[in-house]
Amino acid sequence: MDFQTFYEEYKRRASQQDLDYLKKVTSQALVAREIRHGERVDYSYEESMEGWHQAFEHFKDQDMYWIYTDHSVTMLNENIQLAAFWISIRLNGELLPTSNLFFDTFEKQGDEWLLVRSYIESGVQNPPI
């Protein structure tokens, strides 16, 4: 599968809170960092999946819609792509005042694309939507 097809599927399935899919397309060797309120948090695959699980459970009975705003996709080499994008959230009809800015690195391993690295700036200004 070409990267753009995978990437669109990745965004669609993640916004549908498909944890099984995220587990499948995230490398067990994930290296991730999030900056939240100026504090750095480094985490692994297990912590990432637990975080997604908790978030999905928290919002499961609410009307939540993810808004992706793409910034760029950069080919680092033929098997590695870096995607930069914001996720803004519309919750119960209201746009939350801040977004998260992601820099996610995907690597093609065999026939599959996997998320191998993630850097997130949380609570940033919403992009123009």
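Rules used throughout
- Residues numbered from 1 in each chain as written.
- Predicted model: local features only at pLDDT ≥ 70, side-chain atom pairs only at ≥ 80, totals over all residues.
- Heavy atoms only, no water.
- Core = buried A, V, L, I, M, F, W, Y, C linked by side-chain atoms within 4.5 Å.
- Buried < 20%, exposed > 50% of the residue type's maximum accessible area, 1.4 Å probe, protein only.
- Helix = DSSP H or I, 4+ residues; strand = E, 2+ residues; numbered from the N terminus.
- Contact = heavy atoms within 4.5 Å.
- Salt bridge = Lys/Arg side-chain N within 4 Å of Asp/Glu carboxyl O.
- Expected span 1.5 Å × (residues − 1).
- Arc of directions from axis to C-beta.
- Pairing = 2+ DSSP bridges.

K.L.:
It is not clear to me how the nonpolar core should be interpreted in this structure. Could you clarify?
P.N.:
The tendency in soluble globular proteins is for nonpolar side chains to be buried as a group. Among the nonpolar cores identified, the biggest contains 29 residues, and Phe6, Tyr10, Trp66, Phe85, Ile87 and Phe106 are the most heavily contacted of them. Taken together, the elements giving at least two residues each to this core come down to helix H1 (3-15), helix H2 (19-25), strand E1 (26-36), helix H3 (45-59), strand E3 (64-77), strand E4 (80-91), strand E6 (98-109) and strand E7 (112-125). Setting aside anything within four residues of it in sequence, one finds Phe85 in contact with Tyr7, Tyr68, Thr69, Asp70, His71, Asn100, Leu101, Phe102 and Asp104.

K.L.:
Just checking my understanding: could you explain the pattern of salt bridges for this structure?
P.N.:
Pairing between side chains of opposite charge can happen when the charged atoms of each approach one another. Inspection of the entire model under this criterion finds nine salt bridges. Bridged by salt links that share partners, the residues Glu9, Arg12, Arg13 and Asp18 form one connected network.

K.L.:
I would appreciate a short explanation of the environment of Asp104 in the present structure.
P.N.:
On the secondary structure map, Asp104 appears in strand E6. Not counting chain neighbours up to four residues away, the residues in contact with Asp104 comprise Tyr10, Gln81, Leu82, Ala83, Phe85, Leu115, Arg117, Ser118 and Tyr119.

K.L.:
Before we go on, may I ask you to explain H1 in this structure?
P.N.:
In an α-helix, one turn spans 3.6 residues; hence positions three or four apart end up facing the same way. Across its 13 residues, H1 extends 18 Å between first and last C-alpha, which sits within 8% of the 18 Å expected from 1.5 Å per residue. For H1, every residue scored as buried is listed here: Phe3, Phe6, Tyr7, Tyr10, Lys11 and Ala14. Considered in projection along H1, the buried side chains sweep an arc of 135 degrees and stay on one side of the axis. Where H1 ends, the next residue or the one after it, Gln17, has phi of about 60 degrees, a positive value.

K.L.:
How should I be thinking about the pairing of E6 in this particular structure?
P.N.:
Looking along a regular strand, one sees the side chains alternate between the two faces of the sheet. Looking at chain direction, E4 and E6 are connected through eight bridges and run antiparallel. Counted as the bridge partner of Trp86 is Leu101 from E6. As judged from the eleven bridges shared by E6 and E7, these two strands associate in the antiparallel manner. Looking across to E7, one finds that Phe103 is bridged to Tyr119. Joining the antiparallel neighbours E6 and E7 is a turn of two residues, in which Gly110 adopts a positive phi near 70 degrees.

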